[in-house]
Amino acid sequence: MAEQEFKHLVRIANTDLDGNKPLYRALTSIKGVGFMFSNMICSLTGIDKNAKTGYLSDDEIQKLDDAIKTPEKFNAPSWMFNRRK
């Protein structure tokens, strides 16, 4: 079994996130992302919200970044969007 590389800082949506925190808590450090939006992003992308942020693969990081920037691609409900108008 290969050892995964741990990253102390993970960059998502132009924000450095702490790699030691669970994903759902780390995402709330991004401006405009709250607890509910964070949970929605985790469930839409299919990534475990309790996984440590530092153990995410590059593909998962890219998927999260894309989902935060354009949640409508992932069929997010429109009432969850920030700044709907």
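Every value quoted in this text rests on a predicted model; they were computed, and no experiment measured them.

Enquirer: Quick question: what am I supposed to make of the pattern of salt bridges here?
Expert: Close approach of charged atoms lets side chains of opposite charge pair. As enumerated under the stated definition, the model contains four salt bridges in all. Measuring nitrogen to oxygen at the nearest pair gives 3.5 Å for the salt bridge that ties Asp 65 to Lys 69. Taken as a pair, Asp 65 and Lys 69 lie in helix 3 (residues 58-69) at a separation of four residues, close to a single helical turn. Note on Asp 65: relative accessible area 14%, which makes it buried. Since its relative accessible area comes to 51%, Lys 69 is described here as exposed.

Enquirer: Before we go on, may I ask you to explain the packing of aromatic side chains in this structure?
Expert: When we look at a pair of aromatic rings, we describe it by the centre distance and by the angle of the planes. Evaluation of the coordinates by the stated rule reveals two aromatic pairs. Taking the centre distance of 6.1 Å and the plane angle of 80° together, the rings of Tyr 24 and Phe 35 count as edge-to-face. Of the two residues, Tyr 24 is situated in helix 1 (residues 23-27) and Phe 35 in helix 2 (residues 35-45); the sequence distance between them amounts to eleven residues. A relative accessible area of 22% means that Tyr 24 is categorised as partly exposed. Residue class for Phe 35 comes out partly exposed when judged on its relative accessible area of 46%. The residue whose ring lies beneath Lys 49 is Tyr 24, and the NZ or CZ to ring-centre distance is 5.8 Å.

Enquirer: Quick question: what am I supposed to make of helix 3 here?
Expert: For an α-helix the count is 3.6 residues per turn, leaving residues at separations of three or four pointing the same way. The end-to-end C-alpha distance of helix 3 is 17 Å, a good match for the 16 Å that twelve residues give at a rise of 1.5 Å each. Within helix 3, burial applies to Ile 61, Leu 64, Asp 65, Ala 67 and Ile 68. Taken down its axis, helix 3 places every buried residue within 165° of arc, on the same side. Exposed and oriented more than 90 degrees from the buried face of helix 3 are Asp 58, Asp 59, Gln 62 and Lys 69.

Enquirer: Would you take a moment to explain the pairing of strand 2 (residues 15-18) for this structure?
Expert: Strand residues, when the strand is regular, have side chains that alternate between the two faces of the sheet. The two faces of strand 2 differ: Thr 15 and Leu 17 on one face are buried, but Asp 16 and Asp 18 on the other face are not. Across four bridges, strand 1 (residues 9-12) lies against strand 2 in antiparallel orientation. Each bridged residue has a counterpart across the sheet, and for Ile 12 the counterpart in strand 2 is Thr 15.

What counts as what
Here the residue numbering is sequential within each chain, running from 1 through the sequence in written order. Totals for whole chains, interfaces and linings use every residue, but because this is a predicted model, local features are given only for residues with pLDDT of at least 70 and side-chain atom pairs only at 80 or more, for both listing and counting. In computing side-chain properties, one takes all heavy atoms of the structure into account and sets aside hydrogens as well as water. The term salt bridge refers to a side-chain nitrogen of Lys or Arg lying within 4 Å of a carboxyl oxygen of Asp or Glu. A helix here means a DSSP run of H or I that spans at least four residues, while a strand means a run of E at least two residues long, and both kinds are numbered starting from the N terminus. Partly exposed describes any residue whose relative accessible area lies between the buried limit of under 20% and the exposed limit of over 50%, with all areas from a 1.4 Å probe on protein chains only and scaled to the type maximum. Side-chain rings of Phe, Tyr and Trp (the six-membered ring for Trp) are treated as a pair once their centres are within 6.5 Å; stacked means planes under 30 degrees apart, edge-to-face means over 60, and tilted covers the remaining angles. We call a charge positioned above a ring when the Lys NZ or Arg CZ atom is no farther than 6 Å from the ring centre and deviates by at most 35 degrees from the ring normal. By definition here, a helix of n residues has an expected span of 1.5 Å times n minus one. This arc corresponds to the set of directions leading from the helix axis out to the C-beta atoms. By this definition, two strands are paired if DSSP reports at least two bridges between them.

This is a description of form; function is not addressed.
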